[in-house]
Amino acid sequence: MDSMNAHEDQHTAHEHDSAGHDAHAGHDSHGGHDHSGHAGHDPAIFRRKFWLTLVLTIPTLVFSHGLQEILGLSGPRFPGSQYIPAVFGIAIFFYGGLVFLRGAVDELRSRRPGMMTLISLAIVVAFGYSLAVTLGLPGMDFWWELATLILIMLLGHWIEMSAVMGAQDALGQLAKLLPDTAERVAGPHADPEVVPVADLRIGDLVRVRPGAAVPVDGEIVDGRSDLDESLLTGESKPITRGPGEQVVAGSISGSGSLVVRVGKTGGDTALAGIMRLVEDAQASKSGTQILADRAAAWLFYVALAVATVTLVVWVLLRPGDPAFVLERVVTVLIIACPHALGLAIPLVAQISTAIGARNGLLIRDRHAMEDARRIDVVLFDKTGTLTEGRQGVASVTAEDDEDALLALAAAVEAPAEHPIGRAIVAAARERGITIPPVTDFEALGGRGAAATVSGERVVVGAPRLLVERGATAGDRVAAAAEEAARLGQTVVYVLQGERVAGAVALADVVRPESAEAVRALRDRGIRVAMLTGDSRAVGEAVAAGLGIDEIYAEVLPGDKAGTVARLQGDGSRVAMVGDGVNDAPALAQADVGIAIGAGTDVAIESAGIVLASSDPRGVAKVVELSRATYRKMLQNLAWATGYNVIALPLAAGVAIGIGVVVSPAFGAVLMSVSTIVVALNAQLLRRVRL
């Protein structure tokens with residue numbers, strides 16, 4: 001009925017035995033949406049048929065008596081020339097028209113008659129009548145009309161299928177990210193062996209040279225490089241990664257060389273998961289698309305009814321002019337083809353899915369994407385969503401010099417593996433502080449760590465260390481520690497000998513993009529609220545820095561869904577944004593569930609939309625894309641339905657009294673133009689900048 005069946009992955013010529021193959025399994029059956037006659041087609045079929053049909057159409061037009069009479073011309077004549085239109089017309093019918101006839105058979109077998117059935121009905125009627133006239137039935141043949149009709153229909157389908165394939169090219173672009181081969185090595189400094197990606201096994205080591213694509217998901221064991229993950233996450237800025245950090249298949253290494261231990265291959269990689277999500281989204285239908293499908297189905301029966309009424313009325317009004325009567329009937333059948341209506345929504349959906357994938361927005365459910373435009377409230381889970389879920393230094397308070405204090409703390413913590421220690425060391429490096437060497441390092445069993453720095457014993461630890469050692473912090477340090485504790489921050493003290501030199505407060509690191517994400521949503525007229533299991537003081541401190549007024553604090557994981565329900569109580573449409581770890585019930589309860597920070601885990605079942613990156617600004621992109629997509633859908637629906645309302649009566653001949661007569665060929669032009677208008681309007685969605 002409509003033309004969004006997937007094609008035989010011509011656009012994925014660059015196929016892979018790894019993720020690409022697994023992700024593409026079944027790709028040519030976007031089952032929910034079937035334009036039966038188009039199954040397995042690609043633009044090359046229609047392009048080839050169009051050009052050959054054009055060559056056959058020219059002599060059909062030149063030698064057609066009917067066309068010559070209409071134009072008042074006298075064409076070439078010689079014995080037997082009157083049969084040339086019939087010979088070429090028959091050839092065109094079977095060569096150019098066969099694709100439509102096969103499509104009609106498929107539609108009727110599946111009991112879903114639609115566009116292909118209407119086209120076939122029209123050309124069969126025109127063919128049968130013209131053949132009868134050629135064999136002696138009184139009247140004017142339709143050969144030139146039949147030829148131009150099939151020619152124009154092929155052109156329209158060629159343009160349409162090109163548009164459809166362009167929309168589906170998101171999968172092709174993702175497949176191209178993966179190399180066919182990889183350089184397997186026995187160790188970080190061994191000579192590489194080039195092997196097919198399909199031959200790699202978990203635990204193998206592969207070398208990724210500068211500028212090359214990472215072939216698998218895995219862990220860096222040697223080297224450091226800036227990795228471009230933009231086509232996976234939508235983040236344009238390269239991310240520096242080194243030993244111990246994860247990389248995903250399809251990311252591009254910058255100037256550095258890496259050795260990666262294979263963690264996931266084939267269909268288990270992040271890229272394969274993303275491709276499956278894109279494919280599923282392109283196959284799923286939104287409410288608007290289902291409505292358009294129903295309208296297109298009903299249009300078939302409307303067309304048959306109008307054609308029948310047209311036939312009866314004109315037989316009664318012009319009983320001696322069967323050619324005119326058949327011309328009206330054929331024109332009605334052609335113009336009523338639900339082509340533009342069938343293409344109006346799915347093509348927009350395909351393009352929006354591709355745009356989303358390029359921006360790191362992975363649409364699992366088209367309903368969620370369509371509903372995002374109507375969101376009233378966005379509820380963010382704090383930890384792992386607005387914050388990074390890791391400790392970072394919030395403040396440093398020293399009796400003397402803050403940088404000197406941070407250098408001492410970092411020196412003691414550098415040999416430790418504790419998250420607090422790593423945060424302190426990272427803060428010192430960010431400030432460009434030189435970390436001095438230490439001797440006699442000692443871990444103090446859950447209370448802190450001690451070491452000798454420049455001949456002096458330095459201890460970094462929890463508040464109870466002060467009690468154990470009978471030490472007292474000065475007023476300035478004590479006041480800062482008290483304020484940090486009120487905000488729910490972790491406080492560690494730094495002791496030089498027996499003197500409390502200062503304190504370092506640590507807190508969950510707020511993502512640098514979070515404030516901009518909140519501002520972008522507010523600019524779109526959307527309320528922003530925050531949900532956290534931490535104390536109200538902690539929640540208020542984070543919210544104040546981000547400009548969030550609505551805070552739900554001390555919420556247990558099991559109560560998150562209840563918070564969403566309370567927000568929905570006044571009729572508000574709520575989007576829940578969480579990291580998917582313990583947010584599943586809340587994501588499912590929300591009108592739109594958005595999982596953020598998915599990284600390599602893209603199969604979060606409870607979310608309708610998954611953000612491939614950890615950037616919360618993607619939520620505003622979801623809203624923007626949803627609104628732009630819906631506008632295009634409405635525009636296409638208005639055009640497709642409005643065109644039929646006006647064109648059908650004209651095809652039936654209601655305006656013949658004022659000299660307006662629509663021929664079958666011109667009807668085919670109108671139908672094809674309406675389809676092209678819908679396709680081009682859908683392509684304009686690509687101009688949306690998220």
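Predicted model only: the values in this text are computed from it and were never measured.

Quick notes on the rules
- Per chain, residues are indexed from 1 in the order of the written sequence.
- Totals for whole chains, interfaces and linings use every residue, but because this is a predicted model, local features are given only for residues with pLDDT of at least 70 and side-chain atom pairs only at 80 or more, for both listing and counting.
- Side-chain measures here rest on the full set of heavy atoms in the structure, leaving out hydrogens and waters.
- UniProt positions are given in the numbering used here, feature names are shortened, and annotations may be inferred rather than shown by experiment.
- Under the DSSP-based scheme used, a helix requires at least four consecutive residues in state H or I and a strand at least two consecutive residues in state E, with every element numbered from the N terminus.
- Think of a nonpolar core as a cluster: buried Ala, Val, Leu, Ile, Met, Phe, Trp, Tyr and Cys residues, connected wherever their side-chain atoms sit within 4.5 Å.
- Think of it in three bands: residues with accessible area under 20% of the maximum for their type are buried, residues over 50% are exposed, and the middle band is partly exposed, with areas taken using a 1.4 Å probe on protein chains only.
- Any two residues having at least one pair of non-hydrogen atoms within 4.5 Å are treated as being in contact.
- At least two DSSP bridges between two strands are needed for those strands to be called paired.
- Inter-axis angles, ranging from 0 to 180 degrees, are taken between N-to-C directions of lines fitted to C-alpha atoms, where helices are fitted over the stretch in contact.
- Residue count minus one, scaled by 1.5 Å, sets the expected span of a helix.
- Per residue, pLDDT measures the predictor's confidence, with a range of 0 to 100.
- Here, a salt bridge means any Lys or Arg side-chain nitrogen found within 4 Å of an Asp or Glu carboxyl oxygen.
- A 1.4 Å probe that fits but cannot get out identifies a cavity on a 1 Å grid over protein atoms alone, an open set with protein on both sides within 12 Å along at least five of seven lines counts as a pocket, and a residue lines either if it has an atom within 4 Å of a point.
- Grid points are joined across faces, edges and corners, and a volume is the space filled by probe spheres set on the points.
- Each residue is assigned to one of three groups, with Ala, Val, Leu, Ile, Met, Phe, Trp, Tyr, Cys and Pro labelled nonpolar, Asp, Glu, Lys and Arg labelled charged, and all others, Gly among them, labelled polar.
- By definition, no residue in a patch forms a salt bridge, and every one has over 30% relative accessible area; like charges are joined within 9 Å, nonpolar side chains (Val, Leu, Ile, Met, Phe, Trp, Tyr) within 5 Å.
- Method for areas: the Shrake-Rupley scheme with a 1.4 Å probe, in which residue coverage is limited to the protein chains shown.

Here we take up the UniProt feature "transmembrane region" (unreviewed entry) in the protein chain. Within this structure's numbering, the places UniProt gives as "transmembrane region" (unreviewed entry) are residues 50-71, 83-105, 117-136, 142-159, 295-317, 329-349, 637-659 and 665-685. Here residues 83-105 is 87% helix and 0% strand, with 30 Å between the C-alpha atoms at its ends.

Judged by nonpolar contacts, the single largest core of 52 residues is most densely connected at Val378, Phe380, Leu521, Ile548, Ile594, Val619 and Val622. Residue contributions to this core peak at 10 residues, all from helix α13 (residues 339-358). Apart from residues no more than four positions distant in its own chain, Ile548 is found in contact with Leu386, Val518, Arg522, Val528, Ala529, Met530 and Ala543. Judged by nonpolar contacts, the second largest core, of 48 residues, contains Met116, Ile119, Ile123 and Ile334.

Attention now goes to the sheet that holds strand β12 (residues 387-398). In space, the 6 strands of this open sheet follow the order β12-β17-β16-β15-β14-β13, with antiparallel pairing throughout. Each edge of the sheet is formed by a strand with only one pairing partner; in this case those strands are β12 and β13 (439-443). Sheet twist, expressed as the average angle between the axes of neighbouring strands with direction ignored, equals 20 degrees. Judged from the 6 bridges that link them, strand β14 (residues 448-453) and strand β15 (residues 456-461) form a sheet pairing that is antiparallel. Its bridge partner lying in β15, Ala451 is registered against Val458. Packing against the sheet, helix α17 (residues 419-430) makes contact with β12, β16 (490-496) and β17 (499-510), and its axis sits at approximately 65 degrees to β12.

Here we come to helix α24 (residues 618-652). For α24, spanning 35 residues, the distance from its first C-alpha to its last is 51 Å, which sits close to the expected 51 Å at 1.5 Å a residue. Looking one or two places after α24, you find Gly653, whose phi comes out positive at around 100 degrees.

For the protein chain, per-residue confidence averages 80 on the pLDDT scale, and residues scoring 70 or more make up 82% of the total. Residue range residues 1-40 is modelled with pLDDT below 50. Its contacts to residues more than four positions away, or to other chains, number 133 contacts. In this model residues 599-603 is a low-confidence stretch, pLDDT under 50, and it forms 11 contacts with partners more than four residues away in sequence or in other chains.

On to the pattern of salt bridges, then. Within the structure shown, the criterion is met by 18 salt bridges. Between Glu183 and Arg209 there is a salt bridge, and its shortest N-O distance comes to 2.9 Å. With Glu183 in strand β1 (residues 181-185) and Arg209 in the loop between β3 (205-208) and β4 (217-222), the pair connects residues that are 26 residues apart, well separated along the chain. Between Glu540 and Arg536 there is a salt bridge; the shortest N-O distance is 3.7 Å. Pair noted here: Glu540 and Arg536 are both in helix α21 (residues 536-546), with a separation of 4 residues, about one helical turn. Look at Arg536 and you get partly exposed, because its relative accessible area is 37%. Sharing partners across several salt bridges, the network here consists of Arg184, Glu193 and Asp204.

With that out of the way, let us pick up empty space enclosed by the protein. Going through the model one piece at a time under the given rule, you end up with 1 cavity of 30 Å³ or more. In this structure, the largest cavity encloses a volume near 50 Å³. Looking at the lining of the largest cavity, the elements with two or more residues in it are β12, α19 (475-486) and β17. It is α19 that provides the largest number of residues to the lining of the largest cavity, a total of 4 residues. Class assignment for the residues of the lining of the largest cavity results in 8 nonpolar, 2 polar and no charged.

Here we take up a nonpolar patch on the surface. A cluster of nonpolar side chains, contributed by Trp639, Phe666, Val669, Val673 and Val677, occupies part of the molecular surface with about 400 Å² of accessible area. Considering each element in turn, the nonpolar patch owes the most residues, 4 residues, to helix α25 (residues 664-683). Tracing the backbone through its elements, the reader meets Val673 in helix α25. Under the relative-accessibility criterion, Val673 is labelled partly exposed at 40%.

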